[in-house]
Amino acid sequence: MSLYYVKGTYNVECIECALQESKSGNPMIALKVKDLDSVAKDGSFIPEEKQYDRRIFLAIDPNDDTSIEDVMVRLRQAGWTGDRFENISTEMVGLRFAADCWHSKSKSTDPK
């Protein structure tokens with residue numbers, strides 16, 4: 001599969017958010033974002049001609065406090081001010097934030 005984007009930092013807007021379950025059965029926050037512009041190495045902004053949708057998955061291991069803390073830090077950096085995951089699907093939509101774009105394969109061994 002060829003990638004149609006360049007790895008790097010992008011300013012994005014959250015267009016969908018859902019609390020889901022990962023393949024391993026742990027809770028996961030799934031964000032769908034669209035590109036607004038990319039950030040050049042010198043810090044300037046380059047408007048994106050095509051606003052591709054991208055996915056961000058934040059898996060939470062309920063047995064690991066650092067996992068929960070890491071997800072909370074990322075959500076706060078994205079501008080989320082809520083205190084309950086039950087409301088996150090409506091509270092994240094419309095937020096704009098910087099996101100590093102890269103692709104990794106799932107670490108799960110589950111064939112689902």
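Residues numbered from 1 in each chain as written. Predicted model: local features only at pLDDT ≥ 70, side-chain atom pairs only at ≥ 80, totals over all residues. Heavy atoms only, no water.

(A) Structural context of the overall build of the chain. Each helix and strand counted, the chain has 2 helices and 5 strands in total. The helix and strand sequence of the chain, counted from the amino end, reads β-β-β-β-α-α-β. Taking contacts inside the chain between residues at least 6 apart in sequence as the whole, the part at least 24 apart equals 50%. Accessible surface, the chain as shown: approximately 7900 Å² in total, 50% of it carbon and sulfur. (Helix = DSSP H or I, 4+ residues; strand = E, 2+ residues; numbered from the N terminus. Contact = heavy atoms within 4.5 Å. Areas by Shrake-Rupley, 256 points an atom, 1.4 Å probe, with all protein chains shown as cover.)

(B) Just the side chain of Lys-32, in detail. Relative to the helices and strands, Lys-32 resides in strand β2 (residues 27-39). Accessibility expressed as a relative area gives 18% for Lys-32, which makes it buried. Setting aside anything within four residues of it in sequence, one finds Lys-32 in contact with Glu-13, Cys-14, Ile-15, Glu-16, Asp-53, Arg-54 and Arg-55. (Buried < 20%, exposed > 50% of the residue type's maximum accessible area, 1.4 Å probe, protein only.)

(C) Region of the structure containing the pairing of strand β1 (residues 8-21). By the bridge criterion, 6 bridges tie β1 to strand β5 (residues 96-101) in an arrangement that is antiparallel. Within the sheet, the bridge partner assigned to Tyr-10 lies in β5 and is Ala-99. Summarising the sheet, β1 and β2 pair through 11 bridges and their orientation is antiparallel. If you follow Glu-21 over to β2, its bridge partner there is Pro-27. (Pairing = 2+ DSSP bridges.)

(D) Structural detail: the environment of Ala-18. Mapped onto the elements, Ala-18 comes out in strand β1. What makes Ala-18 partly exposed here is its relative accessible area of 26%. For the pair formed by Ala-18 and Leu-31, sequence separation is 13 residues and the distance between their alpha carbons is 6.7 Å. Contacts of Ala-18, omitting those with residues within four sequence positions, involve Met-28, Ile-29, Ala-30 and Ser-89.

(E) Representation of the pattern of salt bridges. Applying the stated criterion to the full structure yields 5 salt bridges. Among the salt bridges present, the one from Glu-86 reaches Arg-84, with a minimum N-O distance of 3.2 Å. By relative accessible area, which is 54% here, Glu-86 ends up exposed. One connected set of salt bridges, linked through shared partners, spans Glu-16, Lys-32 and Asp-53. (Salt bridge = Lys/Arg side-chain N within 4 Å of Asp/Glu carboxyl O.)

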